[in-house]
Amino acid sequence: MTHPTEDFRARYRAGISPRYSGPLHALWVASVGIATMIYAASQLSAVAAPEWLVLLFTLLLGNVGEYSIHKKLGHQKLGGPAKLFYQRHTGDHHSFFTENNMLWTTSRDWRVVLFPGWLILVVIAIIGLPGYFALGALVSANAGALWLTGIVGTYLLYELVHFSDHLPDGHWLHRLVPGLGTMAALHRIHHDRSRMTAVNFNLTFPLTDWLLGTLAWPDKTL
Ligand SMILES: [Zn+2]
Ligand SMILES: [Zn+2]
C-alpha cells in the first residue's frame, strides 16, 4: 500500500546530498548548543535569587517565540527570506509527515526534522550574544550569562522535543522523559493538514497555545 506522503518522501530523499549525515547534523547542533551553554554557565558566580528570573523569562519568551514564528512564518506565505521558512516547514516538513505518517525511517530523514545546522549560529549571534552583552553591561554578568544559557537551552529543547515527536508512540524516550509522549500526541494533531494552520503551534510546552485558545487535545483521552 502506498501512503499519500510516499511520493513526496521519495522526491525529497532524492534531493538530499549524498554527503548528508543525520547523526553529524544532530551532533553539530548538540555540540554548538551544549558548548555555548557550558561556556555561559561557567560565567556564573553566586547567582542572586532575582537573577534566576532571567532564565524563566527566556523560557517564556522562547515559548511565545516558537508559537509566533511557527504560526506566522511557518504557516503563512510571506515574501522575502520568510518564504524559505514557509517552504521548508509547510512545503517540506508538513508534506513529509502527516498525522498518519509521523515517523522518520532512516537518519537521512533527520534533514527534514531538524532545523538547518546554521540556524543555531544565527540564533546565538542575533539573540543570544546581544542579550548576553547588553544584560551583562546593564544588569549583571550573571543576568547576561543566564540569558545566553536560556536562549540556547530553549533552542535545544525545541529540537529535542520535536525530534521525539517523530518517534514511534511509546518509544523509550517518551517513557523516560515526562511530557514527551503528550507533546508528541499534540504535535500529531498539528500534522493534520486540515488543522496545521489552526492548532498546536507550541513544541516545547503548550503554554502560548493554551493562553490563546489554540490548544487541541486528542479526541481520545491520553
Ligand atoms: Zn513535526
Ligand atoms: Zn507546522
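Keep in mind that what you see is a predicted model, and the values were worked out from it rather than measured.

Visitor: Is there a simple way to explain the overall build of the chain in this structure?
Guide: Across its full length, the chain holds 9 helices and 0 strands. N-terminal to C-terminal, the α/β element order of the chain is α-α-α-α-α-α-α-α-α. By principal-axis analysis of the C-alpha atoms, the chain measures approximately 60 × 45 × 40 Å. Across the chain, the fraction of contacts at a sequence separation of at least 24, relative to all contacts at a separation of at least 6, is 69%. When the accessible surface of the chain is split by element, carbon and sulfur atoms take 69% of a total near 11,800 Å². Mean positive and mean negative side-chain charge positions of the chain (16 and 13 charges, respectively) differ by 7 Å.

Visitor: I keep staring at the coordination of the zinc ion (ligand 2) and nothing clicks. Help me out?
Guide: Metal coordination angles in their ideal form are 109.5 degrees for the four-donor tetrahedron and 90 or 180 degrees for the six-donor octahedron. Note on the zinc ion (ligand 2): its protein donors are His 70 (NE2), His 75 (NE2), His 89 (NE2), His 94 (NE2) and His 190 (NE2). The metal-donor distances range over 2.0 to 2.2 Å. Counting gaps between the donor residues of the zinc ion (ligand 2) yields the pattern H-x4-H-x13-H-x4-H-x95-H. One exposure class covers both His 70 and His 75, and it is buried.

Visitor: Would you mind going over the layout of surface pockets with me for this structure?
Guide: Here the idea is plain: a probe the size of a water molecule rolls over the atoms and shows the empty space left. When its volume is computed, the largest pocket comes out at roughly 990 Å³. What lines the largest pocket is a set of 32 residues, among which Ile 69, Phe 85, Phe 115, Leu 119 and Val 123 lie closest to the centre. Going through the elements one at a time, α3 (52-75), α4 (82-96), α5 (119-138) and α6 (141-165) are the ones with two or more residues in the lining of the largest pocket. With 8 residues, α3 is the largest single contributor of residues to the lining of the largest pocket. Its residues placed into classes, the lining of the largest pocket shows 21 nonpolar, 8 polar and 3 charged.

Visitor: Even after reading the chapter, I still don't get the packing of α6 against helix α8 (residues 180-190), so can you show me in this structure?
Guide: To describe two helices that pack against each other, one gives the angle between their axes and the distance between the axes. Two elements in contact, α6 and α8, have axes separated by 8 Å at closest approach and are oriented at 70°. The pairing of α6 with α8 is recorded here as roughly perpendicular in orientation. Between α6 and α8, the contacting residues are Val 161, His 162, Ser 164 and Asp 165 on the first element and Leu 180, Met 183, Ala 184 and His 187 on the second.

Visitor: Sorry, what's going on with the nonpolar core here?
Guide: Soluble globular proteins: nonpolar side chains tend toward being buried together. Ranked by internal contacts, the top residues of the largest apolar core, which has 21 residues, are Ile 120 and Tyr 155. At the level of elements, α2 (22-42), α5 and α6 are the ones that each hand at least two residues to this core. Counting residues per element, this core draws most heavily on α6, at 10 residues. Membership of the second largest hydrophobic core comes to 19 residues, among which are Tyr 12, Phe 97, Met 102 and Phe 163.

Visitor: Could you clarify how one ought to interpret the coordination of the zinc ion (ligand 1) in this entry?
Guide: Note on the zinc ion (ligand 1): its protein donors are His 93 (NE2), His 162 (NE2), His 166 (NE2), His 187 (NE2) and His 191 (NE2). The metal-donor distances range over 2.0 to 2.3 Å. Motif for the zinc ion (ligand 1), donor spacing along one chain: H-x68-H-x3-H-x20-H-x3-H. Placement of His 93 in helix α4 and of His 191 in the loop between α8 and α9 (207-212) is noted, with a sequence separation of 98 residues between them. Taken individually, His 93 and His 191 each receive the classification buried, so the pair is uniform in this respect.

Visitor: Explanation requested: the environment of Thr 106 in the structure shown.
Guide: Topologically, Thr 106 is positioned in the loop between α4 and α5. Note: C-alpha distance between Thr 106 and Tyr 132 (26 residues apart in sequence) is 38 Å.

Visitor: What should I look at first to understand the side chain of Thr 204 in this one?
Guide: Residue position: Thr 204 is located in the loop between α8 and α9. Side-chain polar atoms of Thr 204 contact the side chain of Asn 63, separated by 3.5 Å. Other than its neighbours up to four places away in sequence, Thr 204 contacts Asn 63, Glu 66, Thr 154, Leu 157, Tyr 158, Val 161 and Met 183.

What counts and how
Residues numbered from 1 in each chain as written. Chains lettered and ligands numbered in written order. Predicted model: local features only at pLDDT ≥ 70, side-chain atom pairs only at ≥ 80, totals over all residues. Heavy atoms only, no water. Helix = DSSP H or I, 4+ residues; strand = E, 2+ residues; numbered from the N terminus. Contact = heavy atoms within 4.5 Å. Areas by Shrake-Rupley, 256 points an atom, 1.4 Å probe, with all protein chains shown as cover. Lys, Arg positive; Asp, Glu negative; His and termini not counted. Charge placed at Lys NZ, Arg CZ, Asp CG, Glu CD. Donors = N, O, S within 2.8 Å, 3.2 Å for Na, K, Ca; no water. Buried < 20%, exposed > 50% of the residue type's maximum accessible area, 1.4 Å probe, protein only. 1 Å grid on protein atoms, 1.4 Å probe; cavity = no way out; pocket = protein on both sides within 12 Å on 5 of 7 lines; lining within 4 Å. Points joined across faces, edges and corners; volume = space filled by probe spheres on them. Nonpolar A, V, L, I, M, F, W, Y, C, P; charged D, E, K, R; others polar. Axes fitted to C-alpha atoms, helices over the stretch in contact; angles between N-to-C directions. Parallel < 35°, antiparallel > 145°, perpendicular 65-115°, else oblique. Core = buried A, V, L, I, M, F, W, Y, C linked by side-chain atoms within 4.5 Å. Polar contact = N/O pair within 3.5 Å; in protein donor to acceptor, adjacent residues only side chain to side chain.

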